[in-house]
Amino acid sequence: MKALVWHGKRDVRVDDVPDPTIQEPTDVVVRITTTGLCGSDLHLYEVLGPFLDEGDILGHEPMGIVEEVGSGVTEVKPGDRVVIPFNVSCGTCAMCGTGLHSQCETTQVREQGSGASLFGYTRLYGSVPGGQADYLRVPFGNTLPVKVPEGPPDDRFVFLSDVLPTAWQAVAYADVDRGGSLAVLGLGPIGDMSTRIARHHGVEKVIGIDLVPERLERAAANGVDVIDLRATDDLTAAVRDITDGRGPDAVIDAVGMEAHGSPVAKFAHQLVGLLPDSVAEKMMQKGGVDRLNALYSAIDMVRRGGTISLSGVYGGMADPMPMLTLFDKQVQLRMGQANVHRWVPDILPLLEEGDPFGVEGFATHRLPLEQAPQAYDMFQKKRDGAVKVVFQPGT
Ligand SMILES: NC(=O)c1ccc[n+]([C@@H]2O[C@H](COP(=O)([O-])OP(=O)(O)OC[C@H]3O[C@@H](n4cnc5c(N)ncnc54)[C@H](O)[C@@H]3O)[C@@H](O)[C@H]2O)c1
Ligand SMILES: [Zn+2]
Ligand SMILES: [Zn+2]
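Reference entry: report on the structure contained in this document. (Residues numbered from 1 in each chain as written. Chains lettered and ligands numbered in written order. Predicted model: local features only at pLDDT ≥ 70, side-chain atom pairs only at ≥ 80, totals over all residues. Heavy atoms only, no water.)

### Here we look at the coordination of the zinc ion (ligand 2)
A metal bound by six donors in octahedral fashion has ideal angles of 90 or 180 degrees, whereas one bound by four tetrahedral donors has an ideal angle of 109.5 degrees.
So, point 1. Protein-derived ligands of the zinc ion (ligand 2) are Cys 38 (SG), His 60 (NE2), Glu 61 (OE) and Asp 162 (OD), with the metal-ligand distances lying across 1.9 to 2.3 Å.
So, point 2. Around the zinc ion (ligand 2) sit four donor atoms, and with donor-metal-donor angles ranging over 93 to 131° the site reads as tetrahedral.
So, point 3. When the donors of the zinc ion (ligand 2) are listed by position in the chain, the intervening gaps give C-x21-H-E-x100-D. Separated by 22 residues along the polypeptide, Cys 38 in the loop between β3 (28-37) and α1 (39-45) and His 60 in the loop between α1 and β4 (62-69) bring together distant segments of the chain. There is no split in this pair, since Cys 38 and His 60 are both buried. (Donors = N, O, S within 2.8 Å, 3.2 Å for Na, K, Ca; no water. Tetrahedral: all angles 85-135°; square planar, octahedral: opposite > 155°, others 65-115°. Helix = DSSP H or I, 4+ residues; strand = E, 2+ residues; numbered from the N terminus. Buried < 20%, exposed > 50% of the residue type's maximum accessible area, 1.4 Å probe, protein only.)

### Things to note about the side chain of Asp 155
So, point 1. Within the secondary structure, Asp 155 is located in helix α3 (residues 154-157).
So, point 2. A distance of 3.0 Å separates polar atoms of two side chains, one belonging to Asp 155 and the other to Arg 366.
So, point 3. Not counting residues within four places of it along the chain, the set of residues in contact with Asp 155 comprises Val 359, Glu 360, Ala 363 and Arg 366. (Polar contact = N/O pair within 3.5 Å; in protein donor to acceptor, adjacent residues only side chain to side chain. Contact = heavy atoms within 4.5 Å.)

### Observations concerning the site of ligand 1
So, point 1. For ligand 1, the set of nearby residues contains 32 residues, the closest of which are Ser 40, His 43, Asp 210, Ser 311 and Ala 338.
So, point 2. Here Val 255 contributes a backbone N or O atom positioned 2.9 Å from an oxygen atom of ligand 1.
So, point 3. Of all the secondary structure elements, the ones that give two or more residues to the shell around ligand 1 are α1, α5 (189-200) and β9 (205-210).
So, point 4. A total of three residues in the shell around ligand 1 trace back to one element, the largest contributor, which is α1. (Near = heavy atom within 4 Å.)

### Looking at a nonpolar patch on the surface
So, point 1. Residues Tyr 296, Met 321, Met 323, Leu 333 and Met 335 make up a contiguous nonpolar surface patch of about 450 Å² in total accessible area.
So, point 2. Topologically, Met 335 is positioned in strand β13 (residues 332-335). (Patch = residues over 30% accessible without salt bridge, like charges linked within 9 Å, V, L, I, M, F, W, Y side chains within 5 Å. Areas by Shrake-Rupley, 256 points an atom, 1.4 Å probe, with all protein chains shown as cover. Salt bridge = Lys/Arg side-chain N within 4 Å of Asp/Glu carboxyl O.)

Below, the structure written as structure tokens:
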């Protein structure tokens, strides 16, 4: 089959690789019809290289048709239409039982000290082959795939794999009352979707912050108050101006470690990229080379007693956190990988009825898998209006 394979920093290619096979009685093999490109894939493309091996297949936002099932699979059958969550979660352990699927005890990567395995996401998360491919092996066939109805196009359901539950969790953790205020840092797919869900939940004032014109325009067209970082000297003051001088009740950081803004950290990032992998891996884990710019602005702008909900992915250890400010302002911090199955029962019925979040117009690019290498480059550089790219293997 064809798959998108990591070869090195900013070097991904579509290669011929062996087809996946059933290895356990509860495995299923899915023929992928649509599969997303995520901001998290950009971390693999750029800074997380030390945790990848040449030949790794990327991708964690797939859906498709069940092709083959193992002898122990009773809940899906060949021909069923399914979405695959990005967490590899068993659905039956104590963590999954409390709705913490991203901490699944069956798939935790204990030798790395990590939570549940993820599709297509580095040694830290189990080196599980990913879903930017013609076919995907999916374990836990009775509990992991999400069955979706025939009828609507793939775009109606594909974002159930990651974007929708991630944004839903970000808004749930932000915990803003109806009528309250929420600022969202970063208007990539996750931030943009968080603004749509917040408005759906009745949050009165939703503020979106980014520096890419078409991302700002997209959010503004959906009724979000947008602030262009490039035109703002004092972001906190600009946000307070429109939140009664107090700051928003909550801030969602949907940026993560690719944040723009700190030249020193950028330099450190480049430096790490030049080091041999074993040294670079240590630097990433212990050295603290993250770009915490977005998180620092969240801490600064949130109102006293407010909540910061982090969905952007961070790594590293040694970045200084302004503990005095966090403590004095009485800020609550909530974060983590999305627990996809935890939110499916809330989201899927809405998608079955209609399209309240505009998912059918959400992707800006639908491309054959063959064009994935160019798409990574385009998405990273935010060229050609690329906000969300989905691939359609087999087209
Ligand atoms: N928690 C989860 O389960 C989960 C799931 C999916 C993605 N993520 C993470 O969420 C983050 C966003 O993902 P995405 O797909 O939307 O990515 P993206 O890279 O498309 O979006 C990030 C946006 O942030 C903007 N930005 C950069 N610096 C900024 C700053 N200082 N202030 C405000 N905006 C800034 C960028 O212009 C960009 O539009 C990534 O870190 C990704 O890894 C987390
Ligand atoms: Zn993703
Ligand atoms: Zn589990």
